[in-house]
Amino acid sequence: MRSPLFCVKLYLVQTVITTSPEEAAEYVRRGGVVAFPTETVYGLGANIFDERALHKIFSAKQRPADNPLIAHIAETGQIAELSDEIIESAKKFIDAFFPGPLTIVVRKTRSVPLIATAGLDTIGIRMAGSALANRFLSACSTPVAAPSANLSGRPSPTTWEAVFEDLGGRIDCILKGGRTEIGIESTVVDCTSRVPRLLRSGSISVEQLRGIVPETEIYSPNKHTSARSPGMRHRHYSPNARVIIIENTAELSDEPNAAFIGVSRPSARFRQQQICLTEEEYARSVFEFFRECDRAEIKIIYCESVSETGIGTALMDRIRRAAE
Ligand code: TXA
Ligand code: MG
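Residues numbered from 1 in each chain as written. Chains lettered and ligands numbered in written order. Predicted model: local features only at pLDDT ≥ 70, side-chain atom pairs only at ≥ 80, totals over all residues. Heavy atoms only, no water.

### Considerations on the nonpolar core
- Counting residues in each nonpolar core, the largest one holds 46 residues, and the members touching the most others are Leu44, Phe93, Phe98, Leu102, Ile104, Ile125 and Ile171.
- Broken down by secondary-structure element, the contributors of at least two residues to this core are strand E3 (42-47), helix H3 (51-61), helix H4 (88-97), strand E5 (102-107), strand E6 (122-126), helix H6 (160-167) and helix H7 (206-212).
- Here this core gets five residues from one element, more than from any other, and that element is H3.
- Apart from the residues lying within four places of it in its own chain, the contact partners of Phe93 are Phe98, Leu102, Ile104, Val189, Cys191, Pro196, Leu209, Ile212, Val213 and Thr216. (Core = buried A, V, L, I, M, F, W, Y, C linked by side-chain atoms within 4.5 Å. Buried < 20%, exposed > 50% of the residue type's maximum accessible area, 1.4 Å probe, protein only. Helix = DSSP H or I, 4+ residues; strand = E, 2+ residues; numbered from the N terminus. Contact = heavy atoms within 4.5 Å.)

As structure tokens, then:
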């Protein structure tokens, strides 16, 4: 059993907050863990070839060891350090969408430690699209393994304050940037066999993927027996409040301890509410809204459903998982 003293020692790290990507990268180069903004959500990064540093990611996040990490790169030249089997479909997606909110899953080289991939022989690779992420990743001079920078199970962080709320005192450094632009995580597509499979929806839609590789399938756990995206099994995106999805805002009545987020204006009144102009704004805001509701000790969050096209597919996926 762990003694209380051990726990105190484990968690009392001084978390440096900086706006300098070069200073933040220095912590990665010295074997530390650093939160950094991307265009989707904040990630928690470490050198992918440093097993000790990778362990720190799992322990800071309290992440189950069977959930693989994504490798973040600064330039396509780094792909060769991670995989020597990039098939045609993967090449096409790289040309079309890198840098951007897309993760491709490919066979990994032996040099990538198994702890990074949760024992899988494949690795997710993504080249983040924001200029600040790119400066940070370039300064790290190595591919950086990074899951979202939240405690496991909590909504992904879209602000540096949300990162601090979950991981302050548990990680070495936070690279402070603005609020992330997209607000939900990257699209994940498995490119290990001839027909690519969408594992996780994101702002790059299946329609866009099919525009590049028309055969692209949507992975369905019922149809496909092997669990290709282990992370999707775990509890996700959950605020403390109960999340309820509603189709029609006319069904709602005033409730003192409830909140609402959606694209329509309900006639009922709520302590906390956010009316978004577009589905993009809804996606950008939803995780931070969940956190605001927790800070205000809201008990129920009503989320208006949206049509499942474009970013609506990813948004509905996240809201459903939060409501589970
Ligand atoms: O936008 C994003 O993707 C953010 C930013 C920080 O880049 N990262 C992120 O990482 O969302 P994470 O760890 O929270 O989610 C990674 C997802 C999980 O569902 C995981 O199971 C899946 O990608 N994944 C990673 N490597 C995989 C692999 N080799 N095979 C199948 N699925 C994989
Ligand atoms: Mg995550």
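### Considerations on the sheet that holds strand E8 (residues 173-175)
- Across the sheet, which stays open at both edges, the 11 strands sit in the order E1-E8-E2-E3-E7-E4-E6-E5-E9-E10-E11 with mixed pairing between neighbours. In this open sheet, the two edge strands, each paired with only one partner strand, are strand E1 (16-18) and strand E11 (217-218).
- Taken together, the three bridges between strand E4 (residues 70-72) and E6 define a ladder with parallel strand orientation. Bridging from a neighbouring strand, His72 pairs with Arg126 of E6.
- Running at roughly 155° to E5, H4 makes contact with E5 and strand E9 (187-190) of the sheet. (Pairing = 2+ DSSP bridges. Axes fitted to C-alpha atoms, helices over the stretch in contact; angles between N-to-C directions.)

### Thoughts on the side chain of Ser156
- With respect to the helices and strands, Ser156 occurs in the loop between strand E7 (144-146) and H6.
- Relative accessible area serves as the criterion here: at 2%, Ser156 is assigned to the buried category.
- A distance of 2.5 Å separates polar atoms of two side chains, one belonging to Ser156 and the other to Glu185.
- Residues in contact with Ser156, not counting those within four places in the same chain, are Val41, Ser148, Asn150, Glu185, Tyr237, Phe287 and Arg291. (Polar contact = N/O pair within 3.5 Å; in protein donor to acceptor, adjacent residues only side chain to side chain.)

### Regarding the environment of Pro266
- For Pro266, the location among the structural elements is in the loop between strand E13 (255-262) and strand E14 (270-275).
- For Pro266, a relative accessible area of 7% gives the class buried.
- Put simply, Pro266 and Thr249 are 17 residues apart on the chain and 5.2 Å apart in space, counted from C-alpha to C-alpha.

### With respect to the environment of Ala323
- Checked against the element boundaries, Ala323 lands in helix H9 (residues 311-323).
- By relative accessible area, which is 31% here, Ala323 ends up partly exposed.
- Each C-alpha atom of the pair Ala323 and Gly100 lies 28 Å from the other, and the pair is 223 residues apart in sequence.
- If we ignore the near neighbours within four places in the chain, the residues touching Ala323 are Val243 and Ile245.

Purely geometric stuff here, so don't read any function into it on its own.
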